[in-house]
Amino acid sequence: MSKITLVIPAYNEKQNIGPFLNRCQDVEKESGHRFSYVFIDDGSGDGTFDEISRLAGSNSNIRGIKFSRNFGKEAGILAGLRECVKDYNSQHEYTVIIDADLQQDPKYVVQMANFLDNNPDYDCVACYQKDRKESGFMKFMKKRFYKMIDESSDTHFEENVSDFRMMRMEMVEAVLQLGEYHRFSKGIFSWVGFNTYYMPYEVEERLHGTTTWTFSKLFKYGVDGIIGFSTAPLRASTWLGIITSVVALVLLLYSVIKTIAFGRDVPGFATIVCLILIMGGVQMILLGIMGEYISRIFMESKKRPIYIVKDTIGISKDNSFSNNRFDKTVEGTITGETGNRFSDADSRTGFIINDIKKGEEVPEVQDGSDDYDNTEFKWEKI
Ligand code: UDP
Ligand code: MG
């Protein structure tokens, strides 16, 4: 028997949460495993958090986190995983990321747990869609995307793998060590390594509501993935520059030789205009690619929290400011003078009030984000 924590990001899923929980409980009863739930309300406007709160009233295994606005599914996953690693202590504790809309049947959660129970060599089971229930165009685009990102990056990307996956806690801890602002979970899960088993699953229809993924959102997500895990576009820019320079040089030599041999040739206005436009376009594209990387550096350097928690259920308030929460003894040395800004290995930032040394219990830290100025956070030794 294993203890499984389900991390469920939910955005406007009020109608789905009740049926989702019922289905989970049915599956749990038959399985012999123990389920607990961390719902993350990603700034819903339909009363999703009230529904979570209502259900938590009669089920002590439900925890809830409410964001102050919509921060995106990736932020929800991060908040849920942070909650999971807080107090685990056995080898048979797993975390699974699952959607709230019942497109991913909880029966697979049991299959994944059974697999991990029987295969101690594996650390993760990731579900992939056997057959995508999408238009031919979307299927084609996604196939191209996986191929492109897999080939252009050092990290391996398996085709059609969703975020629906179960991990041992060691892997969750590894995932949490990556504190980047632009989170592309598919890449992060792959990057941390560990032994992953890929399990096929059937995607169900959404129970209520519609997907929030539009083509433009998917495009942005794809660009985030490529920029976050590959420098190939930068390298391609260099090659494009080299190729155009070589072509320009050959053309230059050709026109010099032609002029010497046959005299001055005045016409060519159209050619010049075309060349200027082409070169201008190429340069703009290259600047755009560089801009994408620079904007990532800009966002990362701000060290903003990835999400802001507004309310919680079943989680003590002291620990609710997840991105700025300090509930462990310092694991690395935090250097700097009192009053300076710091960030630790988990990208948690703050101002140093007292001098802190490695392994020391920290009495008080003042949080660094504007929203919580003058708030004092206590460090607890565990
Ligand atoms: N979701 C979220 N924040 C968002 C968008 C989606 O937490 O900004 C949640 C959503 O409630 C669902 C899961 O992420 O539980 C997957 O979203 P959706 O069903 O819209 O995506 P799809 O299944 O079409 O990939
Ligand atoms: Mg869905």
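Small disclaimer: the values here were computed from a predicted structure and weren't measured. (Residues numbered from 1 in each chain as written. Chains lettered and ligands numbered in written order. Predicted model: local features only at pLDDT ≥ 70, side-chain atom pairs only at ≥ 80, totals over all residues. Heavy atoms only, no water.)

Caption draft 1: Inspection of the sheet that holds strand 2 (residues 34–41) at higher detail. On the basis of which strands lie adjacent, the open sheet formed by eight strands has the order 7-5-6-4-1-2-3-8 and mixed pairing. The sheet is open, and its two edges are formed by strand 7 (196–201) and strand 8 (309–313), each paired on a single side. Between one strand axis and the next, the sheet turns by 20° as a mean value, whatever way the strands run. Summarising the sheet, strand 3 (residues 62–67) and strand 8 pair through four bridges and their orientation is antiparallel. Across the sheet, F67 pairs through a bridge with V309, a residue of strand 8. (Pairing = 2+ DSSP bridges. Helix = DSSP H or I, 4+ residues; strand = E, 2+ residues; numbered from the N terminus. Axes fitted to C-alpha atoms, helices over the stretch in contact; angles between N-to-C directions.)

Caption draft 2: Inspection of the coordination of the magnesium ion (ligand 2) at higher detail. Note on the magnesium ion (ligand 2): its protein donors are D101 (OD) and Q103 (OE1). The metal-donor distances range over 1.9 Å. In this structure D101 comes out as buried when scored by relative accessible area, which is 3%. (Donors = N, O, S within 2.8 Å, 3.2 Å for Na, K, Ca; no water. Buried < 20%, exposed > 50% of the residue type's maximum accessible area, 1.4 Å probe, protein only.)

Caption draft 3: Expanded view of the side chain of N59. Relative to the elements of secondary structure, N59 occurs in the loop between helix 2 (48–57) and strand 3. A relative accessible area of 12% means that N59 is categorised as buried. Only 2.8 Å separates the side chain of N59 from the backbone nitrogen of N61, close enough to count as a polar contact. (Polar contact = N/O pair within 3.5 Å; in protein donor to acceptor, adjacent residues only side chain to side chain.)

Caption draft 4: Summary view of helix 5 (residues 136–152). Here helix 5 spans 24 Å end to end across 17 residues, near enough to the 24 Å set by a 1.5 Å rise per residue. Three or more residues of helix 5 are buried, namely M138, K142, F145, Y146 and I149. With its buried residues spanning 95° around the axis, helix 5 presents them on a single face. The exposed set on the far side of helix 5, more than 90 degrees from its buried face, consists of G136 and E151. (Expected span 1.5 Å × (residues − 1). Arc of directions from axis to C-beta.)

Caption draft 5: Spotlight on the site of ligand 1. Within the structure, ligand 1 sits among 16 residues, and P9, E13, D42, D101 and T211 are positioned closest to it. The side chain of D42 places a nitrogen or oxygen atom 2.6 Å from a nitrogen atom of ligand 1. Along the lines of polarity and charge, the residues of the shell around ligand 1 split into five nonpolar, five polar and six charged. (Near = heavy atom within 4 Å. Nonpolar A, V, L, I, M, F, W, Y, C, P; charged D, E, K, R; others polar.)

Caption draft 6: Region of interest: the layout of surface pockets. Counted as a void, the second largest pocket has a volume near 620 Å³. Around the second largest pocket sit 20 residues that line it, and L251, S255, T271, I272 and L275 are the ones nearest its centre. Broken down by element, the lining of the second largest pocket gets its largest block of residues, 10 residues, from helix 9 (residues 232–262). Residues belonging to the lining of the second largest pocket are distributed by class as follows: 11 nonpolar, six polar and three charged. (1 Å grid on protein atoms, 1.4 Å probe; cavity = no way out; pocket = protein on both sides within 12 Å on 5 of 7 lines; lining within 4 Å. Points joined across faces, edges and corners; volume = space filled by probe spheres on them.)

Caption draft 7: Up close: unusual backbone geometry. Non-glycine residue F194 carries a positive phi angle of around 70°. Tracing the chain through its elements places F194 in the loop between helix 7 (185–191) and strand 7. The backbone of K303 sits at a positive phi, close to 55°, despite the residue not being glycine. One can find K303 in the loop between helix 10 (269–302) and strand 8.

Caption draft 8: Highlighting empty space enclosed by the protein. For the coordinates displayed, the defined rule picks out three cavities of 30 Å³ or more. Space inside the largest cavity adds up to approximately 50 Å³. Those elements that place two or more of their residues in the lining of the largest cavity are helix 3 (73–84), helix 6 (169–176) and helix 7. The leading source of residues in the lining of the largest cavity is helix 3, at four residues.

Caption draft 9: How the structure looks around the packing of aromatic side chains. Applying the stated criterion across every chain yields a total of 17 aromatic pairs. Relative to F164, the ring of Y108 has its centre 6.4 Å away and its plane inclined at 80°; by these criteria the two rings are edge-to-face. With a gap of 56 residues between them, Y108 in helix 4 (residues 107–118) and F164 in strand 6 (residues 161–168) connect regions that are remote in the sequence. Summarising the burial analysis for this pair, Y108 and F164 share the class buried. Summarising the aromatic geometry, the rings of F164 and Y201 are spaced 5.3 Å apart at their centres and angled 70° between planes, so their arrangement reads as edge-to-face. Note that F164 is positioned in strand 6 and Y201 in strand 7, a separation of 37 residues in sequence. Of the residues examined, Y201 reaches a relative accessible area of 3% and is grouped as buried. Following the ring pairs from residue to residue traces out a cluster consisting of F20, F35, Y37 and F39. (Phe/Tyr/Trp six-rings, centres within 6.5 Å; stacked < 30°, edge-to-face > 60°.)

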